[in-house]
Amino acid sequence: MARPTTRSTVEQALRLDIDTMMRRGVIRVGGHLAGQIRLEFYDDDIVAEFESRTWNSGGWLRLRYLVPDYETGKPLFIMPKLPLWTALC
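Structure report, in brief. (Residues numbered from 1 in each chain as written. Predicted model: local features only at pLDDT ≥ 70, side-chain atom pairs only at ≥ 80, totals over all residues. Heavy atoms only, no water.)

**Notes on the overall build of the chain**
If you tally the helices and strands in the chain, you get one helix and five strands. In the chain, the succession of helices and strands from N to C terminus is α-β-β-β-β-β. The buried share among the 89 residues of the chain stands at 24%. Here the contacts in the chain between residues at least 6 apart in sequence split such that 30% fall between residues at least 24 apart. Per element, the accessible surface of the chain, about 7400 Å² overall, is 54% carbon and sulfur. (Helix = DSSP H or I, 4+ residues; strand = E, 2+ residues; numbered from the N terminus. Buried < 20%, exposed > 50% of the residue type's maximum accessible area, 1.4 Å probe, protein only. Contact = heavy atoms within 4.5 Å. Areas by Shrake-Rupley, 256 points an atom, 1.4 Å probe, with all protein chains shown as cover.)

**Quick look at the pairing of strand β2 (residues 44-55)**
The sheet contact formed by strand β1 (residues 32-41) and β2 spans 10 bridges and is antiparallel. Bridge pairing links Leu-39 to Ile-46 in β2. The pairing of β2 with strand β3 (residues 58-68) spans seven bridges and is antiparallel. Pairing of Phe-50 across the sheet is with Leu-63, part of β3. (Pairing = 2+ DSSP bridges.)

**Describing the side chain of Glu-51**
Within the fold, Glu-51 resides in strand β2. You can call Glu-51 buried: its relative accessible area is 16%. A polar contact of 3.3 Å, which involves the side chain of Glu-51, links it to the side chain of Arg-64. If sequence neighbours within four positions are ignored, Glu-51 has contacts with His-32, Leu-33, Ala-34, Trp-60, Leu-61, Arg-62 and Arg-64. (Polar contact = N/O pair within 3.5 Å; in protein donor to acceptor, adjacent residues only side chain to side chain.)

**A word on the packing of aromatic side chains**
As enumerated under the stated definition, the model contains zero aromatic pairs in all. The ring of Trp-60 carries the charged tip of Lys-81 above its face, separated from the ring centre by 4.6 Å. (Phe/Tyr/Trp six-rings, centres within 6.5 Å; stacked < 30°, edge-to-face > 60°. Lys NZ or Arg CZ within 6 Å of the ring centre and 35° of its normal.)

**Things to note about a nonpolar patch on the surface**
A contiguous nonpolar patch, built from Ile-18, Met-22 and Val-29 and spanning about 250 Å² of accessible area, is present on the exposed surface. Its place among the elements puts Ile-18 in helix α1 (residues 18-23). A relative accessible area of 37% places Ile-18 in the partly exposed class. (Patch = residues over 30% accessible without salt bridge, like charges linked within 9 Å, V, L, I, M, F, W, Y side chains within 5 Å. Salt bridge = Lys/Arg side-chain N within 4 Å of Asp/Glu carboxyl O.)

**Considerations on the environment of His-32**
For His-32, the position within the fold is in strand β1. A sequence separation of 28 residues divides His-32 from Trp-60, and the C-alpha atoms of the two residues are 9.7 Å apart. For His-32, the contacting residues outside a window of four places in its chain are Glu-51, Ser-52, Arg-53 and Trp-60. Side chain to side chain, His-32 and Glu-51 meet in a polar contact 2.8 Å long.

Here it is, written out as structure tokens:
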């Protein structure tokens, strides 16, 4: 299998804004929530299932979605579990 000719960069990644997610009801402090969310990524919309669990000092956000494989075009199931924590600024 050939390697891609370009490297992925941080700028190409999907950005998740916690404030926006809280306004949209995806994350709530002290809550355990689940549902669907539409994420805009370049010219595509990704419909992802989400589950979040938070408490006073942290928590996690899990997303589940399909994206096409760049080489084969076959759908890939993605399911990251992202840790959440509070930070003093």
